[in-house]
Amino acid sequence: MTESGTGPVAFDYLIVGAGYAGSVLAERLARAGRRVLIVDRRAHIGGNAYDCYDDAGVLIHPYGPHIFHTNSADVFAYLSQFTEWRPYQHRVLASVDGQLLPIPINLDTVNQLYGLSLTSFELEDFFASVAEPVAQVRTSEDVVVGKVGRDLYNKFFRGYTRKQWGLDPSELDASVTARVPTRTNRDGRYFADTYQAMPLHGYTRMFQNMLDSPNIKVMLNTDYREIVDVIPWRHMIYTGPVDAFFDHCYGPLPYRSLEFRHETHDVDELFPVGTVNYPNDYGYTRVSEFKHITGQRHHQTSVVYEYPRAEGDPYYPVPRPENAELYKRYEALADAEENVTFVGRLATYRYYNMDQVVAQALATFRRLESDAAAEL
Ligand code: FAD
Ligand code: UDP
């Protein structure tokens, strides 16, 4: 694909996708005086972080629960220009052996599960006694059995991972289960990052503020292919799935999809925490109750169940060696596209959280601007 049109160019940038990657770049480029057209095939901005009020008036995340957390002061300061925050520390319980137990596994998890009363020091010895020696930590199984042994692995990780990914943990990179730490203290928070907060008025409002510029035009319900040869632009930023951009010429890159079942109940609260995980039962991996996460007060409550699927919208890259190899071939094609820059979770096939996509987009902006300066 090349720069289109020969007459005066209407847009300096055509940005495909109005999620974090696309919206951060649109905001930065517009602030730098560039004219930006951002298109999304969905009917809304925000990508998978989009939130909205459901029929009952409860603020929900249609694409599953999104909790903001980061260790980056820069990312937090950047987003703080577009939203105020409500401090929120996510807690997750796992339904195991008929009990609801803290995950990440911590001192309370082990004591409650086995009916023990270990101290933190004793728990370290306990883990050391049950951990299986792993010469080289390579897979998502190695990470867990190497730290907490086979029984905790089977109860908390094996079933969940097989359900979530349709693969055994031994078939996935270590990085997947390594997202969930193991603790010897009683810290019951899901994340340990320095900054943990939810946008006070929701993600969508934050995205609206980012895109609110005379230099940005937003076009929704539009696949970029419908307009790419019609509207003139100089440079494209593409944030959709990388294999789709190249018409899957090397075959489809595997993604994991989800089906979301949303429900509203006529009670104030259904669950004790924001998310309950079901590693070993049911077709869903977890259920999340939005009011815990958003802090909204309402006489009803809305929840979402996540059912992992092989088919459907791509939500997760699948981190394993053969997929990394296939991605490398697409990456080589992407690198060869002079007029297109690939950014974001699906365009760079990385299992990134929101803050990591923001950081990647900010770094991309700096590179684009220094390239432009070098051309002058
Ligand atoms: P996206 O948000 O996917 O945006 C890409 C956009 O491009 C989409 O809107 C899509 O419609 C559009 N697009 C694609 N192809 C085309 C096309 N051909 N034409 C036009 N538009 C196109 N991160 C956290 O930090 N905390 C969490 O708690 C968290 N929870 C998550 C829960 C779930 C269930 C999922 C799936 C992800 C979660 N994430 C979480 C990750 C987070 O959603 C992503 O890191 C982030 O949204 C990625 O932003 P993005 O811009 O790369 O991609
Ligand atoms: N995981 C698990 N049991 C849990 C929680 C997580 O086995 O109770 C594993 C599973 O493979 C999951 C991965 O750890 O996909 C990462 O979990 P995370 O909660 O970060 O997933 P996400 O929120 O990105 O879906």
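Residues numbered from 1 in each chain as written. Chains lettered and ligands numbered in written order. Predicted model: local features only at pLDDT ≥ 70, side-chain atom pairs only at ≥ 80, totals over all residues.

### Notes on the site of ligand 1
So, point 1. If you check the shell around ligand 1, you find 33 residues, and the closest are Gly17, Gly19, Gly47, Gly240 and Gly344.
So, point 2. When the residues that make up the shell around ligand 1 are grouped by side-chain class, the tally is 16 nonpolar, eleven polar and six charged. (Near = placed C-beta within 6 Å. Nonpolar A, V, L, I, M, F, W, Y, C, P; charged D, E, K, R; others polar.)

### So, the sheet that holds strand β5 (residues 69-70)
So, point 1. Ordered in space as β5-β9-β6, the three strands form an open sheet in which the pairing is antiparallel. Pairing within the sheet leaves two strands with one partner each, and these edge strands are β5 and β6 (85-87). (Pairing = 2+ DSSP bridges. Helix = DSSP H or I, 4+ residues; strand = E, 2+ residues; numbered from the N terminus.)

### What to know about the UniProt feature "domain: UDP-galactopyranose mutase C-terminal" (unreviewed entry) in the chain
So, point 1. UniProt records the feature "domain: UDP-galactopyranose mutase C-terminal" (unreviewed entry) at residues 155-351, using the numbering of this structure.
So, point 2. The span residues 155-351 is 27% helix and 24% strand, and its two end C-alpha atoms sit 24 Å from each other. (UniProt positions renumbered as here; feature names shortened; annotations may be inferred.)

### What about helix α7 (residues 203-211)?
So, point 1. Of the residues making up α7, those classed as buried are Tyr203, Met206, Phe207, Met210 and Leu211. Looking straight down α7, one finds that the buried residues subtend no more than 130° of arc, so they occupy a single side.
So, point 2. Its buried side turned inward, α7 meets α1 (20-31), β2 (36-39), α2 (73-79), β9 (195-199) and β10 (216-219). (Buried ≥ 20, exposed ≤ 12 C-beta atoms within 10 Å, placed from the backbone. Arc of directions from axis to C-beta. Contact = placed C-beta atoms within 7 Å.)

### Observations concerning the sheet that holds strand β14 (residues 286-289)
So, point 1. If you walk across this open sheet you meet the seven strands as β8-β7-β13-β14-β15-β12-β16, and the pairing is mixed. The open sheet has two edge strands, β8 (99-103) and β16 (316-317), and neither has a second partner.
So, point 2. Pairing of strand β7 (residues 92-96) with strand β13 (residues 275-277) involves three bridges; the strand directions are parallel. Its bridge partner lying in β13, Val92 is registered against Thr275.
So, point 3. Contacts between helix α3 (residues 107-114) and the sheet are confined to β7 and β8, with β8 contributing the most and set at about 155° to the helix.
So, point 4. Across the sheet, helix α5 (residues 140-165) lies against β7, β8, β12 (255-265), β13 and β15 (301-309), angled at about 100° from β7, the strand it touches most. (Axes fitted to C-alpha atoms, helices over the stretch in contact; angles between N-to-C directions.)

### A closer look at the domain arrangement of the chain
So, point 1. Segmentation of the chain into domains returns domain 1 (11-80 + 200-252 + 317-375) and domain 2 (92-177).
So, point 2. Using only C-alpha atoms to locate each centre, domain 1 and domain 2 end up separated by 35 Å. (Domains from an automatic or database assignment.)

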